Amino acid sequence: MCENEKKLVKVKIDGRDFTVPEGLYISQAAESVGVDIPVFCGFDKLKPWAGCRICLVEVGLPRTIEKDGERVTVVSKLPKLQAACATQVCEGMEIWTDTELVDANRKRVLEFLLINHPLECPECDKGGECLLQDIAYKYGLAESRMKEPKRVLPDADVNEFIRLNYKRCIHCKRCVRFHSEVAGDHLLEFARRGSETLVLPKADDGVKSKFSGNEVEFCPVGALSDKLYRFKAREWDLGYTPSVSLADATGTNIMLHHRQGRIKRVWSRENPEVDWGWLSDKDRFVYEALYSPNRIKKPLIRQKDGKFKEVAWGEAIRYVVDNLKFYIGRDGKESITGIAGGNLTNEVFAVFRRLLTNHIGTGRYHFGQFIPGISLNPGDFLTAIMFDSTSWEKVTHSDVILAWGVDLLEEAPVLALKIERDMENGGPMLITANSHRTSGERFANIKYHYPYRKQADALRIMINGAAKPADAPEEIKPMIEYLRGADTVAVLIGNEMLSAPNATELIDLMLKLCHNLRVKLGEDGDAAERDQGLTPDITFNPIFRDGNAVGALLFGHLMAVGVAHEKDEAEGAKPGLVRLFQDILAGKSNFCYVIGSDYARNFPDAKLTRNAFEKCEFVVVQDQFITETAKYANVILPALTAQEDEGTVFSGEKRLQRLHKPDVSFPQADSDFNILRKVLVEMGASLRTASVGEYFNHFAQGLQVISHIDYGAIPEDGILLEFGEVMEDGQSPDPGSFITVDAPSKLEEAAGKDDGLMVLIPKLYMFNGENHSMNAEHFAQAVGKAFCEISPTDAERLGIKPGSVVELASRAGGIEVEVRVSADVPPGHVLISDSLPGIRLADILTLGEHTVVNLLPVTGSKAGGSSSGAD
Amino acid sequence: MAEETKIVMLDMDVEGISSLSVYEKHGGYAALKKVLGEMTPDEVTAEVKKSGLRGKGGAGFPAGVKWGFIPKDKGEKYLCVNADESEPGTFKDQAILEKMPHRMLEGAIIAGYAFGATHIFIYIRGEFWKEINIVQRVVDEAYEAGYLGKGILGSDYSVECTVHPGAGAYICGEETSLLESLEGRRAEPKMKPPFPAIEGLYDKPTIINNVETLATVPAIIERGADWHLSLGTEKSPGIKMFSVSGHVNKPGVYEIELGVNQLDFIETICGGVKGGRLKATIPGGSSVPVMPAANCDCPLSFEGLQDAGSMLGSAGFMVFNEHTDMVKVIEVISRFYAHESCGKCTVCREGTHWINMIINRILRGEGAMDDLVTLQDAADGMEMKSFCPLGDAAAWPVQSFLKHFRHEFIDYIEGRKKLVPKYEPVGAIGHHKLVKPAY
Ligand SMILES: Cc1cc2nc3c(=O)[nH]c(=O)nc-3n(C[C@H](O)[C@H](O)[C@H](O)COP(=O)(O)O)c2cc1C
Ligand code: SF4
Ligand code: SF4
Ligand code: FES
C-alpha cells in the first residue's frame, strides 16, 4: 500500500499534537511518534484481539456542541479506558497514556499476570528478550501479594520442534490466533475457560503445521520454546548474521543466531516484500543438519580396499588435480563432467563454471534442478524467466494468480502465506490447477483438476480457450473468464510441471497460453487490433525447488548457450543431464566433479545414474554428507553449506540477495568457493581476485543486469533484477496474433484401471526426505515415515487397508511403502513424495514417461517400508 | 399494594398451553396474523420502537431501535433468540420456554418480519434438555401450521428456524460469544465494531434478543405501543418478569409492572421474608450489586434500582434474611464467576480466580486484614477494564459485599467465625491440583 495514499489525521497524545495516518491503531500511532504504550496480545501481524488489557489508555472523542449560540468542538473523555491495540485513531482524538487511571490499570494487569507466573527467569530461554520481563521492570509491583499456590501444569510438546511451558503462558493468544488467522492450520487452540484456560496443542489429533516455529519468536514470554535451542544460549551472548533461506525459492530472509562457532537458531528477518516476517519450519529448523553426527569432517580418499581414509586438504586437492590432469591428458578436456545442485551461491556457480569452461575447457556440465528435456531447448524458457518473471510483490498485487501444477503451501510456504494475506485484503483472485486436491488450494477461487497424464491436453484446451472463449468447454469457462477479465495475471508453475517427464512440452504450452492471454480479444472474439500499451500484463514465475535455482540456470545455461551451440552442434545443444550420464556410461567421460547434488538418489532413472557413477573412473563429491552419490566417490571434500558461507543468490523473483558469513565453522569443512579456488590454484591458474566479494564484482561486470551492483553495497533486503530495463526500446513487444493448437475436446484419463495399473504422482512436499531434511534430527521426526496415498475408491477396489504396506512395482523396480487413503487423490493414481524418507523413489520412476505402478499387498512386512531396489 | 400484571405469563397456567392448538384457542398467533395482514415491516419496527420496549436480557437496550440498525438491503439476515439463561438467580426464560414457548416463537417471527430475518436461530442453554425438546416440538408444529417456512400464512414473508443447544458456558449468553458458539467455535466475546447488526452470524446482519423480550412483542402488536407505554415508569415502560428465590415464603416467577416498590413486592407478591427479617437483596441476578435492607425501599425499575445503588439486570431477585452468612454468599457468587470467566482477558481470568481463592482462605480462617485490600484492588482492577461485561459483573458483587458487609469478613479474619467445610464445593477451582489436561 502506498503511504501517501493514506489520509492523515490530527490527534493529541498526552497533550502533544501529532499527525498520523488514519486507520492506525492507537498503539501503532503512539509508537510511530515515540510514545510508549505497552502491549502483550497486540501484534501488528494479527487482527486486534484486545484480551490482555495492558494497553488500556484514556481516550477522548471530539464532539460538536452549541455554546452561546456558537458551534464549538469539545473533546469528551470516554467513560471506560480503551484498548490502544484495537482502537483506531480518528481526527481530533485525544489520548492520555500517563494518567493515574492508566497507570493503575497497568500495575493491576501486571500483578494479575504475575500472580501465577513462575519465578524462573534465570532458567527460561526467553530471559533477556521477554516482553513480560521488560514491561514488569517498567511498571510492575516489586512485592507479590499472592498467598495462594500458583497454577502448575506440566510442560507439553506442541510438535517435534516446540515445547510449551504452561506456567509461563500469559494467554495473549498470539499463537492460537496465528495458527488460525495466518497459518490456517489450527495447530494450537484455547481449551477450558477462566483461569484454567490453556493453549492446547492439536498435533496428537493429526494437525500438522508448516509454520510452528514462528510462535517461538512472537510468544511474548518463554512459554513456547524451540527444542533445538533450549538451554543453548542467552540472547545477549548471541551473534547475529543476516542471511537468506535456501529451503525453497521464496528467498525468505533469515537471521542466523550463532555462538561459539555454531548456529544456535534461525530467526526471521522481516522483509515486507518477501516474507512479512514469517518462516516455514523448513527455513527455520533444517540448519540442525549442520551438526548431524553424519556430517563429513575431513577430506576423504578412497583406498584400494574400497574404504575411505581421512587425509589433509593439501593431499586431497593434489589427488583431485593430479587425476583431473590425467583424464584431461588421456580422454581430452571435453571429457570432464561437472554437476552442481541448486543450493549453491552464484559465486560458487561462477567459479565452478570458470574452472570447467576456461581452465579445463569442457561443455559437459549441469547446474541446478533437473528439468526433463529442458537442455534441448532452453531458450524460450530462459527468456521467459528473464523477461516475464516478476516480483512476489507484483504477483500478490495481480488481478489473477494462475497457479498451475504447483502446491504453493508445500513448495513455497511463505510465499503462499503472503498471497493468502493479500487475497484477504481484497487482493488477487487465485486459480489453482493440479492433478489432485492440494493444501495450497484452500483459499482458491477456482480449483481446477486435470488428469495427471493429460496435463498437456489440459493446457492445449486452455490455449485455444484463451483465443476463443466462446468455444471453450464448460469446465474451463470460469477460468478463462477470470483470466480474460484481468489486466494483470501472474502465472506460477511448480513441481508438477517442472519435474513431469514431458516438462519441456508443458512449459512450451504454458508459454503459449501466456502468449494468448497477452493478445487482446477483439469484439468479434478474434485478436483485437494492436492497442498501444494496453496489452494485458502476463507474468510467469516458475516455483523452483532450490534456493538458488535461478542462479543455477543463469550460470548453467544462459551464459553457456552460445558456447555449447558451437561445441555440440552436431549433436544438438549443450548436452543435458541425461546425455551427461549416458556419455559417462558409454565411456566418453571418466572424471566427474559433483557439488551439492545427489543424482544417484533422486534422478528419475536411478539405474542410469548409479551405473554411470559406478562406471566413471574418478568421481569427486563435494558435500556435507556421505550421499548416495558420494558412495561412488574417489574423493569426498567436506564443504560448508551456503548458509555457513557468504555469497549471493537469486530467489524465484530474481531478487539478488546476500548471505553474510556468520562467525561459524565446522571442523575441517571449507567453503565450496575456497575449495574450487584451491583446485584452480593447484592447476596453476593465477587468480586475480581473493574474496567472494571481489569475485562477484568481477563477474558482475560481464553481466549487463548486475554490472552496476557492488557486492558490498547490496542492501539487506536485496535487489530485484529487472531484465526488462535492458531492452532496447523499452516498449512491450507486439504480442501479435493468437496461437492455436490441436487439442482434444475432452480430457479423459486413460489410467489403466482395467489392467490394475495406477499412475504415480510424485510430489514435492515441504516435509520431505532430502539429505538435509533427514540429517536434521527434529525435522526428520516431523517428516515421519514414508507413505503413499490412494483414493478411497481404489482402496476399496483393491481391498487395501489404510496403514498397510504395499509394494509399488513399476517396470523399473519396486519399493515398499505404507498406504494412506485420502479423498484428495483422484482414483487411478498414487500420490507420493518425490523425496521419500529412507526410500529411493527413483528406483521405480521411468524416465521420459509417466510412471505406472502395480499395487501389490505385502504380507508380513513391518510398516514403514524399505527399498527393495538393489542397494 | 403491588399486584401481578400478567402479559407474557397470561394463560401460563392453562393446561397444555405449550401446544399450538391450545395456544391458538387462547388467541395465539393473532398478533402475527395482524402483522402479516395489516402492517409493513417498518410499521412493526416503528410500533415497537414507540412502545419503549427495553431488552430483558440484562442490558435493557430498546428493542425497536436495535432492529432499526439492520441494513435495509436484501440478503440473508438472522435473528438469534438468546435462550442461554444462565445468570444465577434467573429462571424466567426457562418458564417461558417450558410453558409459553409459542408466545416467544410468535414474537420472534414478528421481529423477523420487522427487519427481514431469513433465519431464526433459537440458542437454548445446553442444560435445558427438556426445554430444547419442547421448543423443537413447538417449531415443528409451527412449520406444519405454516407459521414458519416459505410464504408464511400466504404472505410473501418466509423464514426458517433452527433450534440449537448451547455449549454449556455462561459466556455463551453474551451476544458475540453466542454467535461464535453458534458457528461452532469456542465461546469468547468478539470485538465490536463490527456490531452484530452489521456483521453478525456468518458475517450477516444479525439481531440477538432475549426470550422474554420477544415474548412481549405479540402483546405490544395486539394492544398497541400506547398501551405498553401506559404501564411502568417513564424510563422503564411496561412489565418485567422477576425470578424470585431465597428467603421468601413464595418463591417463583412473577410478572409485574416496572416501578413497583421493592419492599412491597417482597411483602405482598413474594409472601414476605422467611425465617427472619430482611438482610439484603440482590435484585437483578448475581451480577448486580447487593442491596442492604436499609436501601431496599425503592422502585423496581431500571432507574429506581440504579439510584438505590444496584441494577435491574436480568431481574433474578434473591432475598436474604438476617441469618444469612454474607461471606458464604459472596464465596458462591465469586466461585461462579471464576468458573465461568471465559479466560480471554487478563483481569477477569486472573481476578475472578484470585478473588475466589482469597475468599475461601478467609472462610477457612486464614485471612488477614490486608486481604480485604487485595480483594478490593482485584475487583477494582476488573471493573470497567475487562473486555466484556462479565468482568464488571464479577467485580460489582465483590465491591458491594465489601462495602456493605465488611464486618462479616472481619469476623472471619479475626477468628470470631470459622467455616468447617463438610465437603469440597462443587466446581471448586484450584489449579495446583490440575494435572495433564484430560483431552
Ligand atoms: C456474561 C453475559 C451473559 C449474558 N447472558 C445472557 C443470557 O443468558 N440471556 C440473555 O438473554 N442475555 C444475556 N446477556 C446479554 C446479551 O449479551 C444481550 O445483551 C441480550 O441477549 C440482548 O437481548 P435483549 O436486548 O433482548 O435483552 C449476557 C451478557 C453478558 C455480558
Ligand atoms: S503460549 Fe505464548 S503466545 Fe501462546 S498464549 Fe501463551 S503467552 Fe501467548
Ligand atoms: S471479562 Fe474477559 S475473561 Fe471475562 S468473560 Fe469477558 S472477555 Fe472473558
Ligand atoms: S495489547 Fe491491547 S489488550 Fe492486549
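Examining the overall build of chain A
Within chain A, the secondary structure is distributed over 26 helices and 35 strands. Here the C-alpha atoms of chain A give a radius of gyration of 29 Å, agreeing with the 29 Å that 2.2 N^0.38 yields for 871 residues. Across its three principal axes, chain A shows a C-alpha extent of roughly 100 × 75 × 65 Å. Expressed as a percentage of its 871 residues, the buried residues of chain A come to 61%. A separation threshold of at least 6 residues defines the contact pool for chain A, and within that pool the share at least 24 residues apart is 72%. Carbon and sulfur atoms make up 49% of the accessible area of chain A, which totals about 33700 Å². When the 101 basic and 126 acidic side-chain charges of chain A are each reduced to a single mean position, those positions are 5 Å apart.

Concerning the confidence of the model for chain A
Per-residue confidence for chain A gives a mean pLDDT of 91, with 92% of residues at or over 70. Low confidence marks residues 560-572 of chain A, where pLDDT is under 50. Its contacts with residues over four positions away, or in another chain, come to 16 contacts.

Side note on the sheet that holds strand S12 (residues 239-244) of chain A
All names here are of chain A. Strand order across the open sheet formed by three strands is S12-S13-S14, with antiparallel pairing between neighbours. Here the strands that pair on one side only, and so sit at the sheet edges, are S12 and strand S14 (262-268). Mean inter-strand twist for the sheet, computed between neighbouring axes without regard to direction, equals 30 degrees. Direction of pairing for strand S13 (residues 253-259) relative to S14: antiparallel, over a ladder of six bridges. Bridged to leucine 256 within S14 is valine 266.

Focus: the nonpolar core
Among the nonpolar cores identified, the biggest contains 174 residues, and A:Ile26, A:Phe40, A:Val89, B:Leu375, B:Phe401 and B:Phe409 are the most heavily contacted of them. The greatest single-element share of this core, amounting to nine residues, is contributed by helix H14 (residues 346-363) of chain B. With sequence-adjacent residues up to four places away left out, B:Leu375 is seen in contact with B:Ile355, B:Ile358, B:Ile359, B:Ile362, B:Val398, B:Leu402 and B:Phe409. One finds A:Tyr327, A:Val348, A:Ile476 and A:Leu554 within the second-largest nonpolar core, a separate group that totals 107 residues.

Digging into the pattern of salt bridges
In total, this model carries 82 salt bridges over all chains according to the counting rule given. Residue A:Arg192 is joined to A:Glu196 by a salt bridge in which the shortest nitrogen-to-oxygen separation is 4.0 Å. Given the relative accessible area of 23%, A:Glu196 is considered partly exposed. The residue B:Glu322 makes a salt bridge to B:Arg277 at a minimum N-O spacing of 3.8 Å.

Here's the deal with the sheet that holds strand S5 (residues 239-246) of chain B
All names here are of chain B. Spatial strand order, S6-S5-S11-S8-S9: five strands in an open sheet with mixed pairing. A strand with exactly one partner marks an edge of an open sheet, and here the two such strands are strand S6 (252-257) and strand S9 (291-292). Sheet topology note: the strand S8 (residues 278-282)/S9 ladder contains two bridges and is antiparallel. Across the sheet, residue threonine 281 finds its bridge partner in S9, namely methionine 291.

Some thoughts on the environment of B:Ala293
Residue and element names in this part refer to chain B. Within the element layout of this structure, alanine 293 appears in the loop between S9 and strand S10 (299-300). For alanine 293, a relative accessible area of 26% gives the class partly exposed. Along the primary structure alanine 293 and phenylalanine 320 are separated by 27 residues, whereas in three dimensions their C-alpha atoms are 9.2 Å apart. Ignoring sequence-local partners within four residues, the contact set of alanine 293 consists of Leu278, Lys279 and Ala280.

A look at helix H3 (residues 131-139) of chain A
Each α-helix winds once per 3.6 residues, and so residues spaced three or four apart point in a common direction. Residues and elements named next belong to chain A. Of all the positions in H3, only Leu132, Ile135, Ala136 and Tyr139 are classed as buried. Looking straight down H3, one finds its buried side chains confined to an arc of 100 degrees; they lie on one side. In H3, the exposed residues that point more than 90 degrees away from the buried face are Tyr137 and Lys138. Buried-residue contacts for H3 involve helix H2 (100-115).

Regarding the site of ligand 3
B:Cys342, B:Cys345, B:Cys348, B:Cys388 and B:Gly391 are the nearest of the 13 residues found near ligand 3. Grouping the amino acids of the shell around ligand 3 by side-chain chemistry returns eight nonpolar, four polar and one charged.

So, the interface of chain A and chain B
One frequently used descriptor of interface size is the decrease in accessible area upon assembly of the parts. At the junction of the two partners, chain A supplies 44 residues and chain B supplies 45 residues. Carbon and sulfur atoms supply 57% of the area buried between chain A and chain B, which totals about 3900 Å² over both sides. Of all residues in chain A, the largest losses of buried area upon contact with chain B belong to A:Phe112, A:Arg192 and A:Arg193, amounting jointly to 20% of the total for that side. One can count nine salt bridges joining chain A with chain B. A salt bridge links A:Lys173 to B:Glu188; the shortest N-O distance between them is 2.9 Å. Summed over the shared surface of chain A and chain B, the number is 21 residue pairs in polar contact (both at pLDDT 80 or more). Considering each element in turn, the side of chain A that touches chain B owes the most residues, seven residues, to H2(A). Its residues assigned to classes, the side of chain A that touches chain B shows 24 nonpolar, seven polar and 13 charged.

Things to note about the packing of helix H15 (residues 369-382) of chain B against helix H16 (residues 389-404) of chain B
Residues and elements named next belong to chain B. In contact at an axis separation of 8 Å, H15 and H16 are set at 145 degrees when each is read in the N-to-C sense. In terms of crossing hand, the pair formed by H15 and H16 is left-handed. Touching Leu372, Leu375, Gln376, Ala379, Asp380 and Met382 of H15 are Gly391, Asp392, Ala394, Ala395, Val398, Gln399 and Leu402, all from H16. Split by residue class, the contact of H15 with H16 holds eight nonpolar, three polar and two charged.

Concerning the pairing of strand S1 (residues 8-13) of chain A
Residues and elements named next belong to chain A. A one-sided burial pattern is seen for S1, the buried positions being Val9, Val11 and Ile13 and the unburied ones Leu8, Lys10 and Lys12. The antiparallel hairpin formed by S1 and strand S2 (residues 16-21) contains two residues in its connecting segment, where aspartate 14 sits at a positive phi of about 50 degrees. The pairing of S1 with strand S6 (residues 94-96) spans two bridges and is classified as parallel. Bridge assignment links lysine 12 to a residue of S6, and that residue is glutamate 94.

Things to note about the packing of aromatic side chains
In the structure shown here, the tally under the stated rule is 50 aromatic pairs over all chains. Within the aromatic cluster, the residues linked to one another by ring pairs are A:Phe370, A:Phe581, A:Tyr599, A:Phe603, A:Phe613 and A:Tyr632. For the cation-ring pair, A:Arg421 lies above A:Trp276, with the distance from its terminal atom to the ring centre recorded as 3.7 Å. Sitting above the plane of the B:Phe302 ring, B:Arg54 keeps its charged end 3.7 Å from the centroid.

Quick notes on the side chain of B:Glu180
The topology assignment puts B:Glu180 in helix H8 (residues 175-182). Among residues more than four places away in sequence, those in contact with B:Glu180 are B:Arg185, B:Arg186, B:Ala187, B:Glu188 and B:Lys190.

Structural notes on the packing of helix H5 (residues 92-99) of chain B against helix H7 (residues 129-144) of chain B
Residues and elements named next belong to chain B. Their axes nearest at 8 Å, the elements H5 and H7 cross at an angle of 45 degrees. Judged by the inter-axis angle, H5 sits oblique to H7. The interaxial crossing formed by H5 with H7 has left-handed handedness. Between H5 and H7, the contacting residues are Gln94, Leu97 and Glu98 on the first element and Lys130, Glu131, Ile134 and Val135 on the second. Looking at the contact of H5 with H7, its residues break down into three nonpolar, one polar and three charged.

Here's the deal with the environment of B:Phe265
Residue and element names in this part refer to chain B. Secondary-structure assignment places phenylalanine 265 in helix H11 (residues 262-269). Spatially, the C-alpha atom of phenylalanine 265 lies 8.0 Å from that of glutamate 3, the residues being 262 residues apart in sequence. If we skip the residues at most four places from it in the chain, phenylalanine 265 touches Phe242, Val244, Tyr254, Ile256, Val260, Cys270, Leu300 and Phe317.

Section: the pairing of strand S26 (residues 635-638) of chain A
Residue and element names in this part refer to chain A. A two-sided burial pattern is seen for S26, the buried positions comprising Val635 and Leu637 on one face and Ile636 and Pro638 on the other. In terms of strand pairing, strand S15 (residues 300-302) meets S26 through two bridges, oriented antiparallel. The residue bridging isoleucine 301 from the neighbouring strand is valine 635, located in S26.

Calculation rules
Residues numbered from 1 in each chain as written. Chains lettered and ligands numbered in written order. Predicted model: local features only at pLDDT ≥ 70, side-chain atom pairs only at ≥ 80, totals over all residues. Heavy atoms only, no water. Helix = DSSP H or I, 4+ residues; strand = E, 2+ residues; numbered from the N terminus. Rg over C-alpha atoms; globule rule 2.2 N^0.38 Å. Buried < 20%, exposed > 50% of the residue type's maximum accessible area, 1.4 Å probe, protein only. Contact = heavy atoms within 4.5 Å. Areas by Shrake-Rupley, 256 points an atom, 1.4 Å probe, with all protein chains shown as cover. Lys, Arg positive; Asp, Glu negative; His and termini not counted. Charge placed at Lys NZ, Arg CZ, Asp CG, Glu CD. pLDDT = per-residue confidence, 0-100. Pairing = 2+ DSSP bridges. Axes fitted to C-alpha atoms, helices over the stretch in contact; angles between N-to-C directions. Core = buried A, V, L, I, M, F, W, Y, C linked by side-chain atoms within 4.5 Å. Salt bridge = Lys/Arg side-chain N within 4 Å of Asp/Glu carboxyl O. Arc of directions from axis to C-beta. Near = heavy atom within 4 Å. Nonpolar A, V, L, I, M, F, W, Y, C, P; charged D, E, K, R; others polar. Buried area = accessible area lost by both parts, 1.4 Å probe. Polar contact = N/O pair within 3.5 Å; in protein donor to acceptor, adjacent residues only side chain to side chain. Left-handed = near helix turned anticlockwise from the far one by under 90°. Phe/Tyr/Trp six-rings, centres within 6.5 Å; stacked < 30°, edge-to-face > 60°. Lys NZ or Arg CZ within 6 Å of the ring centre and 35° of its normal. Parallel < 35°, antiparallel > 145°, perpendicular 65-115°, else oblique.

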